Amino acid sequence: MILPRRLRLAIFLLTRSFASMLGIVLVTVILGLALLGPVIVPYPDHVAGGIDLANKLQSPSAAHWFGTDEVGHDILTRVIIGARLSLLVGIGITLAAAAIGVPLGILAGLVGGPVREAIMRLTDLFLSVPGLVLAIALVAALGPGIVNAMIALILVWWPGYVRLADSKALSIRAEPYIEAARVAGAPTFRILWRHVLPNSLSPLIVKMSMDVGQAILAVASLGFLGLGAKPPTPEWGAMISIARGYLPEWWWYAVYPGAFIYAAVLGFNLLGDGLRDILDPRSHRG
Amino acid sequence: MTALLQATGLAKTYATRRTAFRAASSVAAVAGVDLLLPEGGALGLVGESGCGKSTLARLLLRLVPVSDGRISFEGRDITDLAESALRPLRRRMQLIHQNPSAALDPRLTVAASVAEPLRIHGLDLSRLPELLAEVGLPAEMLHRHPHELSGGQKQRVCIARALALEPRLLVLDEPTSALDVSVQAQVLELLAGLRARRGLSYLFISHNLAVVRQVCDRVAVMYLGRIVEEGASAEVLGAPLHPYTRALLASVPRLGAGGVVARGEPPNPAAPPPGCPFHPRCPMAEERCRAGTAPLLREVARGRRVACHLVGGHLVG
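Please read all numbers here as calculations on a predicted model, not as lab measurements. (Residues numbered from 1 in each chain as written. Chains lettered and ligands numbered in written order. Predicted model: local features only at pLDDT ≥ 70, side-chain atom pairs only at ≥ 80, totals over all residues.)

What follows deals with the overall build of chain A. When its secondary structure is counted, chain A shows ten helices and zero strands. Listing the helices and strands of chain A from first to last along the sequence gives α-α-α-α-α-α-α-α-α-α. Overall, the C-alpha framework of chain A stretches about 75 × 50 × 30 Å when taken along its three principal axes. The buried share among the 286 residues of chain A stands at 45%. For chain A, the share of sequence-separated contacts (at least 6 apart) that also reach a separation of at least 24 residues comes to 70%. (Helix = DSSP H or I, 4+ residues; strand = E, 2+ residues; numbered from the N terminus. Buried ≥ 20, exposed ≤ 12 C-beta atoms within 10 Å, placed from the backbone. Contact = placed C-beta atoms within 7 Å.)

Counting residues at the interface gives 21 residues for chain B and 18 residues for chain A. Every element with two or more residues in the side of chain B that touches chain A is listed here: helix H2 (83-90), strand E6 (93-96), helix H3 (100-103) and helix H4 (110-120) of chain B. When residues in the side of chain B that touches chain A are grouped by element, the largest group, three residues, is from H4 of chain B. Looking at the side of chain B that touches chain A, its residues break down into nine nonpolar, six polar and six charged. (Nonpolar A, V, L, I, M, F, W, Y, C, P; charged D, E, K, R; others polar.)

Listed under "domain: ABC transporter" (unreviewed entry) in the UniProt record, and renumbered for this structure, are residues 5-249 of chain B. For residues 5-249 of chain B, the end-to-end C-alpha separation is 27 Å, with 36% helix and 27% strand making up the annotated structure. (UniProt positions renumbered as here; feature names shortened; annotations may be inferred.)

A few words now on unusual backbone geometry. All names here are of chain B. Positive phi outside glycine occurs at Glu74, with the angle close to 55°. Tracing the backbone through its elements, the reader meets Glu74 in the loop between strand E4 (68-73) and strand E5 (76-77). Unusually for a residue other than glycine, Glu166 sits at a positive phi of about 50°. Inspection of the secondary structure puts Glu166 in the loop between helix H6 (151-163) and strand E7 (169-173).

Our focus in this paragraph is the UniProt feature "transmembrane region" (unreviewed entry) in chain A. Residue and element names in this part refer to chain A. In the numbering used here, UniProt assigns the feature "transmembrane region" (unreviewed entry) to residues 21-41, 87-113, 125-158, 212-229 and 250-271. In residues 21-41, helix accounts for 95% and strand for 0%; the two terminal C-alpha atoms are 26 Å from one another. Taken as a whole, residues 125-158 contains 82% helix and 0% strand, while its terminal C-alpha atoms sit 12 Å from one another.

Let us now look at the confidence of the model for chain B. Any residue range with low pLDDT should be treated as having predicted coordinates unsuitable for detailed reading. The share of residues in chain B with pLDDT of 70 or more is 95%, and the mean pLDDT across the chain is 88. Listed scores for the predicted complex are pTM 0.79 and ipTM 0.86. (pLDDT = per-residue confidence, 0-100.)

Residue and element names in this part refer to chain B. Taken in spatial order, the eight strands make up an open sheet running E6-E7-E8-E3-E9-E10-E12-E11, and their pairing is mixed. Strands with a single pairing partner mark the edges of an open sheet, and in this sheet they are E6 and strand E11 (298-301). Averaged over all pairs of adjacent strands, the angle between their axes in this sheet comes to 25°, without regard to strand direction. Pairing geometry for E6 and E7, over four bridges, is parallel. Bridging across to E7, Leu95 finds its partner in Val171. (Pairing = 2+ DSSP bridges. Axes fitted to C-alpha atoms, helices over the stretch in contact; angles between N-to-C directions.)

With that out of the way, let us pick up the sheet that holds E4 of chain B. Residues and elements named next belong to chain B. Read across the sheet, four strands follow the order E2-E1-E4-E5 without closing on themselves; strand pairing throughout is antiparallel. At either end of the open sheet lies a strand with only one pairing partner, and these are strand E2 (25-38) and E5. Sheet topology note: the E4/E5 ladder contains two bridges and is antiparallel. Bridged to Ser72 within E5 is Asp77.

Glancing now at the UniProt feature "domain: ABC transmembrane type-1" (unreviewed entry) in chain A. When the UniProt feature table is mapped onto this chain, "domain: ABC transmembrane type-1" (unreviewed entry) is found at residues 83-272 of chain A. Strand forms 0% of residues 83-272 of chain A and helix 83%; the C-alpha atoms that close the span are 19 Å apart.

Our next topic: the packing of helix H5 (residues 131-142) of chain A against helix H8 (residues 188-224) of chain A. Residue and element names in this part refer to chain A. Two numbers describe how H5 lies on H8: the axes approach to 11 Å, and their chain directions differ by 50°. By the angle class used here, H5 and H8 are oblique. When the axes of H5 and H8 are compared, the crossing they make is right-handed. Two secondary-structure elements touch here, H5 through Leu132, Ala135 and Val139 and H8 through Ala218, Ser221 and Leu222. Looking at the contact of H5 with H8, its residues break down into five nonpolar, one polar and no charged. (Parallel < 35°, antiparallel > 145°, perpendicular 65-115°, else oblique. Left-handed = near helix turned anticlockwise from the far one by under 90°.)

By size, the foremost hydrophobic cluster in this structure holds 168 residues, and its most contacted members are Leu153 of chain A together with Leu60, Leu203, Phe204 and Val221 of chain B. It is helix H3 (residues 75-111) of chain A that contributes the most residues to this core, 17 residues altogether. Not counting residues within four places of it along the chain, the set of residues in contact with Leu60 of chain B comprises Leu5, Ala7, Ile71, Val171 and Leu203 of chain B. (Core = buried A, V, L, I, M, F, W, Y, C linked by C-beta atoms within 7 Å.)

With that out of the way, let us pick up the pairing of strand E8 (residues 201-205) of chain B. Residues and elements named next belong to chain B. Among the five residues in E8, five count as buried, and that is most of the element. Alternating residues of E8 divide into Ser201, Leu203 and Ile205 and Tyr202 and Phe204, and every residue in both groups is buried. Across four bridges, the pairing between strand E3 (residues 42-46) and E8 is parallel. Paired with Leu45 across the strands is Ile205, a residue of E8.

See the structure below:
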């Protein structure tokens, strides 16, 4: 009886805001394209290989809605297949970064003392260098490629989660309900798992939603610089990287992958904003 | 009557860290407290905010590390027990917080909150509705979240959670000061009933003297981390001996008030005054109060202890 009521409230809060709805629609469309991609694309053999030089650099038409690229591939097909890769990489980076950062942050905030000092100074070390610059350096060291790009981005991404989880754990540690759990005889791990983690979850979920968009952008950036996915792979950043040479005459080649990056980042950011409204415990009251 | 909880020379000193602007120093939040709570007794602990009441309560429950002194519970020294060895004892000593809204995890339902201590100790969960009934809450409250309850209902949930483990000692840290007056009376009534029914012992912290008089049979008055007067609550609150107790009673607003009034603010505990810690505010202070060490808590009559140079045995009839 409680859950449907809360669910209805959540739906109400989401639908009330145009921005949240737009975020949900964009994310749903991109998720749908990623899931159904191979089934719905008009030219499945254009994903890699299948060169059709006779149709190269065609402007958008009924046959090729987004036009074709320099080897005659259908850009719509490649952009849709690219959604799959970008989404997977974006979600993967975010989850991995959170999986490293959140436990470290909660440990730091809960235990305090020299443990916290060590964790936080290491975090500061990573945060003191701009993330993308550090990622570029790391990929350069590891060698270009989509897997290495992901590893590099995970390595620069986790410190943000440490910061957030630490500050949440620090404030929750002082809450009387934590003391109440201690009085009841709860061991530290139980306090962490049952009280600290669930109560720090909302801001973490909001950050994760927003970070999926940021990670998609970061992977596209590395792809654009030639440090991510290699060009035959239909990756948005890598596509723009080549398309740059065909601007402005063959504008559709760069514009459509760019528009998809834009839509993905915007969608996940708006979704994060919407989730913040729902998950804020204050909005439950009254 | 045997002692359920006893403290001897209990102290808590907080070290402040050295910074660029300030040398390291220490603050004595609790400075050498002797305390005895008999089985089935109710001891009130009164004093201004910041006098160390809550710190003393948390020391006694071993929630903050002890700097000095000993604590014994059920006749057993628990001062140096490790947390794991303390866990089974925690079943018999429970704490009620001042603010029930903060003492309940906002994400847990009433059922989950009250069941948590039972789960931790592997006890039977079927008693939940019974526990709720005992604190005067209907069973349908079990599925509510804290934000759906009133302040008084939340405090009842906290009491039910504490009772779940069948404690012998309840430490109540200003259990009614966050509630409005009509609800206060109901909660106090509930606490009095529980004590009679279950034979509980209370350590009742409050700055509300009327409440202490109603609930407690003995009362200890704290000032700057020390107990300055202790005795039967009717005597201490009816005929106070220590100037500080008199000032505390005089500060209760009532018609035609008079008597001793403490001047100024309590001193900084990091730099307590020499001699009697109360002398800068005491209207009766003499030369001997301003130097030397703080006066010791002495028995001035049967079951009546006072820490004041000016109070001798002869004052008590």
